[in-house]
Amino acid sequence: MLTLEGVQTYYGNIEALKGIDLEVQQGEIVTIIGANGAGKSTTLMTICGLPRAAEGRIRFEQYDITRMPTHEIVQLGIAQSPEGRRIFPRMTVLENLQMGASKSNPDFFEQDLAHVQELFPILKKRENQRGGTLSGGEQQMLAIARALMSRPRLLLLDEPSLGLAPLVVRQIFEVIEQINREDDVTVLLVEQNAFHALKLAHRGYVMVNGRITLSGAGDELLDMPEVRAAYLEGG
Amino acid sequence: MEYFIQQLINGVTLGSIYGLIAIGYTMVYGIIGMINFAHGDIFMVGAFVSLIIFVALGLAGVTFVPLAFAIVLIVAIVITSVYGWTVERLAYRPLRGSFRLAPLISAIGMSIFLQNFVQLAQGARVKPMPPMITGGFTFLEGSDFSITLSWMQIIIVSLTVVLMAGFALLIARTPLGRAQRACEQDRTMAALLGVNVDRTISLTFVMGAALAAVAGMMFLLYYGVIDFYIGFLAGIKAFTAAVLGGIGSLPGAMLGGLLIGLIETFWSAYFTIEYKDVAAFSILVLALIFRPYGLLGKPEIEKV
Ligand SMILES: Nc1ncnc2c1ncn2[C@@H]1O[C@H](COP(=O)(O)OP(=O)(O)O)[C@@H](O)[C@H]1O
Ligand SMILES: [Mg+2]
């Protein structure tokens, strides 16, 4: 469904991605784990064309999206809940969700709204509150819900567990599993919380310094001593 | 008292014109964080296009005033919109991402170009326009000082109110307005949600230009004379209004426009007309000392 071949990305002179090869099959949950600064967020943003890959090729289904404008890429069915959540702070929760749905058929809006409010009931309670006033966990739920409002076939999630209480993390991971299973949404999940991510994912990639160093099935990676040592200390 | 009310009427009329221009400044600032320095000239072009079309319609024998009015309005809006769009494409978009002052310099360049172009094409002398809409109401006739409320003033103020209400509604309720606010708050995220950011920014310039065109036409009809330089002064006043109200805030631009119009009118009426511009700017400086973000502007505390 999604393939990256030899993707290199630069910020000015800094080479953040040094040739990434990665593949996500329809229906999978795939995770990228790695330390801070490894290039995980850059990978997700490069898929969406912000920044654009300098070298290599990115394909989504039958399309070559390497040079496509961002707003066209996401209209093919890719949605992202980005690093830092990026909720529109001066818009209400409902308006944030409307923004998520801005390119989808308005006939589906009520139905999709009910669906994400069922996944995250707190969003219904907070409907008319401004995004900037939500707690971190609520903002994360809103970010995922907003991404789902575009009816994506591929969902890119950047560290949804960051800074959240364990109970909230569990709720969010359950929702990720549910939308993958029931709504047939393929997921590419970036996490520092490697234990949870590898448990949930079908397959995983380990990223170090702008390169993929290891890949394999989720439980396979969980059992590798080098992965345990580097990413699961105390996990 | 009668004198006061008369000045109030005049001030509100002038303030309406400033307010309409100020909206263009504030919206463009909101979405790209920069001042459109060619915006005053868009207003001036709006006035000139109106004049030319009025004269042409007169020669063509269109004497039904509401029809002429409507035609002029549409043509002026279309032409200034194209100009607003061009300013964004030529002066701002290619320089997005370069150092902050670069687009301002290119916009000032376009502004000077336009002033000189109009000066050459239309001449440097002031252009008169015979009054089209005359008459009105006179109150307290026979006393020391009567109050007049002209039809033109009624038209200006009501058209402004309608436009501002429609505009506020558009920004608050429609998908386009929502996309504009999204680009204002986080352009990257807006793009990730499928918003065509470039097009949204272009449309913002165009919408500001359309309002400035209406202001230009009203200015022409109200004062009856224009020259190539009116864009500069009115532009600075409207810019002051936008800053006074809180740059980036739509209600702020409307309020600021009204206040600047009132200050200028009252100052000329009660003090001296020579210093009316100084008065408006002094009030701005004072206001900014006590409210650095303007009357209705908000400091960016909510950034997540
Ligand atoms: N906007 C940016 N400008 C310059 N360098 C950046 C930017 N974003 C990330 N980087 C650099 O790119 C590298 C990869 O960052 P990132 O993709 O955010 O890593 P991760 O998400 O794995 O923590 C880091 O060295 C980081 O400093
Ligand atoms: Mg990151």
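In case you missed it, the structure is sitting above this.
Residues numbered from 1 in each chain as written. Chains lettered and ligands numbered in written order. Predicted model: local features only at pLDDT ≥ 70, side-chain atom pairs only at ≥ 80, totals over all residues. Heavy atoms only, no water.

**Some remarks on the coordination of the magnesium ion (ligand 2)**
The protein atoms that coordinate the magnesium ion (ligand 2) are S41(A) (OG) and E83(A) (OE), at distances spanning 2.0 to 2.4 Å. Of this pair, S41(A) sits in helix α1 (residues 40–47) while E83(A) sits in the loop between β6 (78–81) and α3 (93–100), placing them 42 residues apart in sequence. (Donors = N, O, S within 2.8 Å, 3.2 Å for Na, K, Ca; no water. Helix = DSSP H or I, 4+ residues; strand = E, 2+ residues; numbered from the N terminus.)

**Description of the environment of Q180(B)**
Here Q180(B) is to be found in helix α6 (residues 175–185). With 15 residues separating them in the primary sequence, Q180(B) and V195(B) have C-alpha atoms 9.2 Å apart.

**A look at a nonpolar patch on the surface**
Residues and elements named next belong to chain B. Nonpolar side chains collect at one region of the surface, where M1, Y3, F4, I5, L8, F145, W267, Y270, F271, Y275 and V278 lie side by side and expose about 1100 Å² of accessible area between them. For the nonpolar patch, the secondary structure elements donating two or more residues are α1 (2–32) and α10 (250–270). At four residues, the largest contribution of residues to the nonpolar patch is made by α1. Take F145: it is sitting in the loop between β2 (136–139) and β3 (147–150). Owing to a relative accessible area of 33%, F145 belongs among the partly exposed residues under this scheme. (Patch = residues over 30% accessible without salt bridge, like charges linked within 9 Å, V, L, I, M, F, W, Y side chains within 5 Å. Areas by Shrake-Rupley, 256 points an atom, 1.4 Å probe, with all protein chains shown as cover. Salt bridge = Lys/Arg side-chain N within 4 Å of Asp/Glu carboxyl O. Buried < 20%, exposed > 50% of the residue type's maximum accessible area, 1.4 Å probe, protein only.)

**Overview of the side chain of E88(B)**
Checked against the element boundaries, E88(B) lands in helix α3 (residues 65–92). Among all residues touching E88(B), those that are not within four sequence positions of it are R93(B), P94(B), R96(B), I201(B), S202(B) and F205(B). (Contact = heavy atoms within 4.5 Å.)

**Comments concerning the site of ligand 1**
Residues and elements named next belong to chain A. Near ligand 1, the surroundings consist of Y11, A16, A35, N36, G37, A38, G39, K40, S41 and T42. One nitrogen or oxygen atom from the side chain of T42 is found 2.4 Å from an oxygen atom belonging to ligand 1. Among the elements that line the shell around ligand 1, the one with the most residues is α1, at three residues. Across the shell around ligand 1, the residue classes tally to four nonpolar, five polar and one charged. (Near = heavy atom within 4 Å. Polar contact = N/O pair within 3.5 Å; in protein donor to acceptor, adjacent residues only side chain to side chain. Nonpolar A, V, L, I, M, F, W, Y, C, P; charged D, E, K, R; others polar.)

**Observations regarding the pattern of salt bridges**
As enumerated under the stated definition, the model contains 12 salt bridges over all chains in all. Between R57(A) and D64(A) there is a salt bridge; the shortest N-O distance is 3.3 Å. The exposure class assigned to R57(A) is partly exposed, which follows from its relative accessible area of 35%. On the basis of relative accessibility, which here comes to 35%, the residue D64(A) falls in the partly exposed class. Residue R93(B) is joined to E88(B) by a salt bridge in which the shortest nitrogen-to-oxygen separation is 3.2 Å. This pair shows no difference in class: R93(B) is buried, exactly as E88(B) is. When salt bridges that share partners are traced, they join E88(B), R93(B), R96(B) and D198(B) into one network.

**Concerning helix α9 (residues 230–245) of chain B**
All names here are of chain B. With 16 residues, α9 should reach 22 Å at 1.5 Å per residue; the first-to-last C-alpha distance of 22 Å fits that figure. With 12 of its 16 residues buried, α9 lies for the most part within the structure. Looking at the packing, one finds that the buried side of α9 touches α1, α2 (39–59), α8 (197–223), β4 (225–226), α10 and α11 (276–290). Downstream of α9 by one or two residues, G246 has phi in the positive range, about 115°. (Expected span 1.5 Å × (residues − 1).)

**A closer look at the layout of surface pockets**
Residues and elements named next belong to chain B. As a volume, the second largest pocket reaches approximately 410 Å³. Lining the second largest pocket are 19 residues, with L14, Y18, Y223, E264 and K276 positioned closest to its centre. Considering each element in turn, the lining of the second largest pocket owes the most residues, four residues, to α9. Looking at the lining of the second largest pocket, its residues break down into 12 nonpolar, three polar and four charged. (1 Å grid on protein atoms, 1.4 Å probe; cavity = no way out; pocket = protein on both sides within 12 Å on 5 of 7 lines; lining within 4 Å. Points joined across faces, edges and corners; volume = space filled by probe spheres on them.)

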